[in-house]
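Examining the three-dimensional arrangement
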Amino acid sequence: MWNDEEILSECLKNNRKAQKLLYEKYAPALLGICIRFTRNRDEAEDILQEGFVKIFFNIGNFKRKSSLMSWMRRIIINTAITMYHRNLKHQHHYDVEDFRERNVGEPDIGESEFTTGELQNVIKVLPAGYRMIFNLYAIEGYKHKEIAKKLEIDINTSKSQYSRAKKLIQYKLAELKKESKTM
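Residues numbered from 1 in each chain as written. Predicted model: local features only at pLDDT ≥ 70, side-chain atom pairs only at ≥ 80, totals over all residues. Heavy atoms only, no water.

Turning our attention to the pattern of salt bridges. Taken as a whole and judged by the stated rule, the model has nine salt bridges. Close ionic contact of glutamate 10 with lysine 13 constitutes a salt bridge, the shortest N to O distance being 3.3 Å. Between glutamate 24 and lysine 20 there is a salt bridge, and its shortest N-O distance comes to 3.6 Å. Taken together, the positions of glutamate 24 and lysine 20, both in helix H2 (residues 16-36) and four residues apart, correspond to about one turn of that helix. Glutamate 24 gets classed as partly exposed once you look at its relative accessible area, which sits at 45%. Beyond isolated ion pairs, a larger network of salt bridges with shared partners links Arg36, Arg73 and Glu140. (Salt bridge = Lys/Arg side-chain N within 4 Å of Asp/Glu carboxyl O. Helix = DSSP H or I, 4+ residues; strand = E, 2+ residues; numbered from the N terminus. Buried < 20%, exposed > 50% of the residue type's maximum accessible area, 1.4 Å probe, protein only.)

This is how it looks when you write it as structure tokens:
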């Protein structure tokens, strides 16, 4: 089995076996990232494939200042953002104003009451803009200023969509909790 340095060295030579090894080693983790940014697995796989094309094309630019996984993760996230921009004009998406804030108070939601799958499903059904901003801010750790720049939106739009995403998530989790109590 080759280590990352050997795989990188061979990928720089366009060695197909090394490229396959790199893909097989990192694709599952990177697909998980892609899934968080999309509504379905097909879209996630499209992002993953396009991201790996960029990875292989730009592998010579990897400076080893961060881990290989961190570098590839940034490429995958940027690819997800690019796909989001590309799909905006084709999606039948809801305008931010179509989602009125619901006053649900502070829901009584325990931290361990929901499975990872349930949480992922709640995030998955968020409107695309909310989902993108929630993932970038809450999960990937980007600042609102960075998100605004990447998505070409106002910083206050990023903040308000994040706030609305959180409220919608809380609302949906409260509904899920109610449903589980009635079962």
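Let us keep going from here.
Contact geometry for H2 and helix H4 (residues 68-88): axes closest at 10 Å, N-to-C directions at 45°. Classified by the interaxial angle, the pair formed by H2 and H4 is oblique. At the point where H2 passes H4, the crossing takes the right-handed sense. Seen from H2, the contacting residues are Leu22, Tyr26, Ala29, Leu30, Ile33, Cys34 and Arg36; seen from H4, they are Leu68, Met69, Met72, Arg73, Ile76 and Ile77. (Axes fitted to C-alpha atoms, helices over the stretch in contact; angles between N-to-C directions. Parallel < 35°, antiparallel > 145°, perpendicular 65-115°, else oblique. Left-handed = near helix turned anticlockwise from the far one by under 90°. Contact = heavy atoms within 4.5 Å.)

On to the packing of aromatic side chains. Counted under the stated rule, the structure contains five aromatic pairs. A ring pair is formed by phenylalanine 62 and tryptophan 71, whose centres lie 5.3 Å apart and whose planes are at 50°; its orientation type is tilted. Considered together, phenylalanine 62 and tryptophan 71 belong to a single accessibility category, that of buried residues. Between tyrosine 137 and tyrosine 162 the ring centres are 4.4 Å apart and the planes differ by 55°, which places this aromatic pair in the tilted class. Within this pair, whereas tyrosine 137 is found in helix H6 (residues 128-139), its partner tyrosine 162 is found in helix H8 (residues 155-182), the two being separated by 25 residues in sequence. Three or more aromatic residues joined by ring pairs make a cluster, and in this case those are Tyr23, Phe52 and Phe56. (Phe/Tyr/Trp six-rings, centres within 6.5 Å; stacked < 30°, edge-to-face > 60°.)

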